[in-house]
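Here is how the chains run, residue by residue.
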Amino acid sequence: MCPATTSTAPAAPSEDGAALLAGLNPEQAAAVVHSGGPLLIVAGAGSGKTRVLTHRIAWLIRERAADPMGILAITFTNKAANEMKERVGALVGERLVGITRDAEGRMRPRRWGGMWVSTFHAACARLLRDEAPRLGYDRSFTIYDADDAARLAGLCIKDLGLDPKRVTPRGVAHAISAAKNDLVDFDTYALRADNWYERQIADVYRLYQERLHRASAFDFDDLLVKTVELLQLYDDVLAAYRERFAHVLVDEWQDTNRAQYELVRLLAREHRRLTVVGDGDQSIYRFRGADVRNILDFDKDFPDATRITLARNYRSTQTILDTANAVIAHNVGRIPKRLWTDEGAGAPVVRYTADNEHDEAAFVAEEVSRLAERDEVPSGDCAVFYRTNAQSRVLEETCIRLGVAYQIVGGTRFYERREIRDLLAYLRVLVNPADDVSAKRVLNVPRRGIGARTEEALDLFAGREGGSFLAACRRAEENHLLAPRAVGAVTDFVRLLDGLRTAVDAGELALRDIVELVWRRTGYMAELEAERTVEALGRAENLRELAGVAEDFTSLQPDATLGEFLERIALVTEQDSFDADGSRLTLMTMHNAKGLEFEVVFIVGMEDSVFPHHRSLGEPEELEEERRLCYVAMTRARRRLYLTNAWSRTLFGGTSANPPSRFLKEVPAELVEARSADHARPGPRAVGRQGADDGLGVGDRVLHPTFGPGRILEIGGRPGNEEALVRFDEYGAKRLLLAYAPMIRR
DNA sequence: ATCTGGAATCTTTTT
DNA sequence: GATTCCAGAT
């Protein structure tokens, strides 16, 4: 479309180099060989951008004699990183990029040498392992995830004596995270705070950051923020990394936030050997701080940048592309771009309108079976995408009932399970005794008779002495606030940890043995097994799986330390464990679908207020993001695309009838074939809430399943979160959230 | 200190 | 609907 002209590519590539360009279209080839200044590759969905990136890296190594050690490539997931490393390895030789393999041929990441290919977070964590002392953090720092961050925020709220009802841990953690994504420190935040709530947050933010530092812990955002801080603060460090990373390449540029942008700018500002790849139409992480402007404004920040657009699609049929093109064309804030292919029109898009979510799930499951039976498409090449995780349950149940094998990606994640977090918290305390959040987590888990009063007394002591929580435990007998029995219990706890640490420090134990030792010595496993409930046995099973994960990790990285294991766990994502399995249908959220592709894609729940999500309906910017999400989802499909909606749907404990998604109306009718399933039958129209417009009003008589009949006296609260004051005939006045209360008008 | 059951709370999406 | 929270009992 618009080939790079500023490139100063060598007149004739070597024979070797020519092979790298074979099979590439002119734009792709131009992107591969480009040299001289920053390069922005606008890569439409399915335009072969991974191929371009890998070939470009190979080109740099082979034709430009770039040192693989001097290449920093940033990907969106660890899985993508490994794939990229492997693909580059296949082009230039695995030894060059730092891949080694074990006896079974599995890729084994080498700790030293080779290219840096990883996510932003993993790269920063790796960098900080070396440089943390400069910032006054221990090298064995802990990484706090969202849950830990909320816990810590909760502790800070408590210590500041704020009302946890008005200033919630999660709310604060979210606000702090948003600030950090934007590189706003607590001083700046405090200055900008112009209302009561923000001033409270500012106070918590300050204390929160102090606590993190004392615990030698970085939260997720800190990995980025502190790396930026490090590079801004120390010229010699910046110079060293600039020199080291002679080439910087970033994938999924449209989903970078301010902190990531700044990091890239710092590293590449001088040498300007920067390649970014992205597609503004696929920006779907605004809520996480991604700034679309990073891609829209790239030319402003790097005026000498070359822009190459890849619009030729190698994945989907023209029908699917036309569908996606038509939908995304409704967005105002975008650079126009039209995907095309010469693969032909292919099958029409199938529309199915279900009675309810059960009918919808049955349609999907039956269609998947039918495609498999007719040998058209194996189930493993089909995927179902939904907007929210809550929608997966009915799909799962239906698949089980109809005997369709499936795998689910996302949802409640393994590492978020309580028992896993408990055990990891023990491991974290062993590695980093200053980690107060983890220490408090395990203080009384399993129960050992240490309650809230004891914890408070220990906290006070720690605050007075300025030491860690664990240090306060260690000096329990000096603590006058503690009853003798509590002193005994706390001392036992300290002994337990010391015993574990001695065993670990001896260096004889494999990671797996350490995991087992923890659950044995703490009595955690014994307690679960004694409980004999299905749930407890499941938890026990999960712990064993964690031991298995530890063993796998050791086999990939034989000399791995406990700290490295923990870091790995902190940075893996759900996507990383996804393995397209040839035989099973895949279920996942649309967000998780990013970067993947399937022969057949079902997008379910295409109703206004499910998708687009109701929280986006009033906000034009949010709605555009939903539309981009729709575009991402549609362009995952290679051959067939199904779009389904349901007349009525029970979600979050309430049934509602939502109109078909506005995105459906944006699909040209001539591309669509409506399908009515054999089992289709007119179902009873559900009586229920119809979104805010059709909502209840003051004076309405209502019926509540628990409180019975009543009358609405007033409606107040924040928009979108209205609260109704209802006087129930038998139960008196209650305040209920309008959006969630299962009330109907009568 | 811990257990319990009923009530309140909340749900986008996640590196 | 499912988890989390909290008061009151043990």
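Everything numeric here is computed off the predicted structure, so don't read it as measured data.

Caption draft 1: Representation of the packing of helix 19 (residues 418–431) against helix 24 (residues 511–521) in the model. In contact at an axis separation of 10 Å, helix 19 and helix 24 are set at 105° when each is read in the N-to-C sense. Judged by the inter-axis angle, helix 19 sits roughly perpendicular to helix 24. Residues Leu423, Tyr426 and Leu427 of helix 19 form the contact with helix 24, whose participating residues are Ile514, Val515, Val518 and Trp519. Of the residues in the contact of helix 19 with helix 24, the class split is seven nonpolar, no polar and no charged.

Caption draft 2: Up close: the side chain of Arg421. Looking at the secondary structure, you find Arg421 in helix 19. Since its relative accessible area comes to 10%, Arg421 is described here as buried. When neighbours within four sequence positions are excluded, Arg421 is seen to be in contact with Asp145, Asp147, Asp148, Tyr415, Glu416 and Arg441.

Caption draft 3: Representation of the sheet that holds strand 5 (residues 116–118). Here we have six strands laid out as an open sheet, ordered 5-2-8-9-1-10, and parallel in their pairing. In this open sheet, the two strands that pair with only one neighbour each are strand 5 and strand 10 (306–310). This sheet shows a mean twist of 10° between the axes of neighbouring strands, independent of strand direction. Pairing analysis gives four bridges linking strand 2 (residues 71–74) to strand 8 (residues 247–250), with the strands arranged parallel. Bridge assignment links Ile71 to a residue of strand 8, and that residue is His247.

Caption draft 4: How the structure looks around helix 17 (residues 357–373). In a regular helix each residue adds 1.5 Å, so 17 residues correspond to 24 Å; helix 17 covers 24 Å between its end C-alpha atoms and thus fits that length. The element helix 17 is extensively covered by neighbouring structure, given that twelve of its 17 residues are classed as buried. Following helix 17 by one or two positions, Asp375 adopts a phi angle in the positive range, close to 60°.

Caption draft 5: A look at helix 25 (residues 524–531). Considered for burial, the residues of helix 25 that qualify are Tyr524, Met525 and Leu528. The buried residues of helix 25 occupy an angular sector of 95° when projected down its axis, which confines them to one face. Looking at the buried side of helix 25, the elements it contacts are helix 19, helix 24 and helix 26 (534–556). Immediately downstream of helix 25, the backbone of Arg532 shows phi near 60°, a positive value.

Caption draft 6: Spotlight on the packing of aromatic side chains. Applying the stated criterion to the full structure yields 18 aromatic pairs. Arranged with centres 5.6 Å apart and planes meeting at 45°, the rings of Trp253 and Tyr261 form a pair that is tilted. A centroid spacing of 5.1 Å and a plane angle of 75° characterise the contact between Phe414 and Tyr415, whose relative ring orientation is edge-to-face. Judged by relative accessible area, which is 23%, Tyr415 ranks as partly exposed. Taken together, Trp253, Tyr261, Phe298 and Phe302 form an aromatic cluster joined through their ring pairs. For the cation-ring pair, Arg134 lies above Tyr234, with the distance from its terminal atom to the ring centre recorded as 4.9 Å. The side chain of Lys594 reaches across the aromatic face of Phe76, ending 3.9 Å from its centre.

Calculation criteria
Residues numbered from 1 in each chain as written. Chains lettered and ligands numbered in written order. Predicted model: local features only at pLDDT ≥ 70, side-chain atom pairs only at ≥ 80, totals over all residues. Heavy atoms only, no water. Axes fitted to C-alpha atoms, helices over the stretch in contact; angles between N-to-C directions. Helix = DSSP H or I, 4+ residues; strand = E, 2+ residues; numbered from the N terminus. Parallel < 35°, antiparallel > 145°, perpendicular 65-115°, else oblique. Contact = heavy atoms within 4.5 Å. Nonpolar A, V, L, I, M, F, W, Y, C, P; charged D, E, K, R; others polar. Buried < 20%, exposed > 50% of the residue type's maximum accessible area, 1.4 Å probe, protein only. Pairing = 2+ DSSP bridges. Expected span 1.5 Å × (residues − 1). Arc of directions from axis to C-beta. Phe/Tyr/Trp six-rings, centres within 6.5 Å; stacked < 30°, edge-to-face > 60°. Lys NZ or Arg CZ within 6 Å of the ring centre and 35° of its normal.

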